[in-house]
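Listed below, chain by chain, are the residues.
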Amino acid sequence: MRSFNPIFSGREKSIFPTMSALAREAGAINLGQGFPDEDGPKEILSVAADATIEGPNQYAPVEGIPELREAIARDNKRFYDLDIDPETQTLVVSGATEGLAAAFLGFLEPGDEAVLLAPFYECYAPQIEATGATIEFVSLEPPGWRLDAAALEKAISPKTKLIVINTPHNPLGKVMDRNELEIIADAARRHDLIVVCDEVYEHLIFDDRPHIPLMTLPDMFERTIRIGSAGKTFSLTGFRIGYVTGPERLITAVMKAHQHLAYTSPVPLQKAVAFGFGLGDDYYRRFVADMQAKRDLLSAGLQDAGFDVAPCEGTYFVTVDIRPVSAEDDAAFCCEITSEAKVAAVPLSAFYHPAIDNPPRYYARFCFCKRHEVLTEASKRLKGYLR
Ligand code: PMP
Ligand code: GLN
């Protein structure tokens, strides 16, 4: 029997569907995989439905339909005062996941090095390794998880081509402040690096904190792309529409890979997302306020159940230290609460690479983009079980 590419076949199935399957089997409330339990705005769904019936349902342009690319450019102006040329500086992708893959395949080649800040979102490492590039890891240290400039500098070599950042951060719920962004920008300018910014939670930041795209810092636009996801912005994770913004040179490189991966994305869904970008400020205000209330509800419930709850500044996720309630490692603990307490979570160690020695194994990530009664019931179950 021939063997398969170990970069993919040598890895377990992704932790997110794995925990969802365990949750289903156990009949547990699924606070593992991050997805809302209520779909986004009905008006967006109506546009998708009408556009499907009216057609045409044929290939879209590789770069995305013009009305969505224009909407992406307007969105950049509206929220970040970025002047983006829709024709050359935007690209529609089939979810941020595909956009990330297209970016890594478009930019990296064997012999290159990429820097990842651990913990990091699961798909980055296999996608980067599949290009033939190698990864240098910089571990953020609990409990503050702040980026240390010296640690970053140590990870950079003459072979380093690219660094990936994720803010707001999954799984930490942390938002990079200007000081941390300056550390990245300074290193990128000095070492001539490309920065791939995973900003899928750009509109999920709480307590009136700002989201600062790295590309708004001086001299950073030309070396930065930012990747967003309609799945997160409009609570439609199944739509699989993502968007990439950046300078023409980088966008073209990503497009050249995208055209041989997803090629294009479904036209009716692109039309619907273009419509979504036109929603008023009210939509975004309510979206954030609603999610913030859910964060507060679940954080209080987890605290009450005995966990040490870390602050959450953005995203769908709150991370807890499990040591006050369990001596197990995070993976065993998440399986145990799924099958016994009937509440699923994701272990933080899943966001580390096997090459990283001694990742913390005492954090669990809970997803709070669920209805209030679901969060209340989950907290009650955890408290009852852990008492
Ligand atoms: N990056 C991060 C940090 C994420 O949390 C996710 C999905 N939850 C993605 C990328 C992928 O987004 P999409 O569903 O648009 O592929
Ligand atoms: N990003 C979501 C999470 O972190 C899940 C996405 C997925 O299943 N690929 O839970």
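Use the structure listed above.
Residues numbered from 1 in each chain as written. Chains lettered and ligands numbered in written order. Predicted model: local features only at pLDDT ≥ 70, side-chain atom pairs only at ≥ 80, totals over all residues. Heavy atoms only, no water.

K.L.:
Can you help me understand the site of ligand 1 in this one?
P.N.:
Taken together, G95, A96, T97, Y121, N166, N170, D198, V200, Y201, S229, K232 and R240 make up the full set of residues near ligand 1. Here an oxygen atom of ligand 1 sits 2.7 Å away from a polar atom, N or O, in the side chain of N170. A distance of 2.6 Å separates an oxygen atom of ligand 1 from a polar side-chain atom of Y201. No other element matches the three residues that helix α6 (residues 95–107) contributes to the shell around ligand 1. Classifying every residue of the shell around ligand 1 by side-chain character gives four nonpolar, five polar and three charged. (Near = heavy atom within 4 Å. Polar contact = N/O pair within 3.5 Å; in protein donor to acceptor, adjacent residues only side chain to side chain. Helix = DSSP H or I, 4+ residues; strand = E, 2+ residues; numbered from the N terminus. Nonpolar A, V, L, I, M, F, W, Y, C, P; charged D, E, K, R; others polar.)

K.L.:
So what exactly am I meant to see when it comes to the packing of helix α4 (residues 66–80) against helix α12 (residues 267–277) here?
P.N.:
Relative placement of two packed helices is described by the angle separating their axes and the distance separating the axes. Taken N-terminus to C-terminus, the directions of α4 and α12 make an angle of 25°; their axes are 9 Å apart at the nearest point. Of the possible angle classes, the one that applies to α4 and α12 is roughly parallel. For the element pair α4 and α12, the recorded crossing hand is left-handed. Facing α4, whose interface residues are E67, L68, A71, I72, D75 and R78, α12 presents Q270, K271, V273, A274 and F277. Its residues assigned to classes, the contact of α4 with α12 comprises six nonpolar, one polar and four charged. (Axes fitted to C-alpha atoms, helices over the stretch in contact; angles between N-to-C directions. Parallel < 35°, antiparallel > 145°, perpendicular 65-115°, else oblique. Left-handed = near helix turned anticlockwise from the far one by under 90°. Contact = heavy atoms within 4.5 Å.)

It is worth stressing that arrangement in space is one thing and function is another; only the former is reported here.
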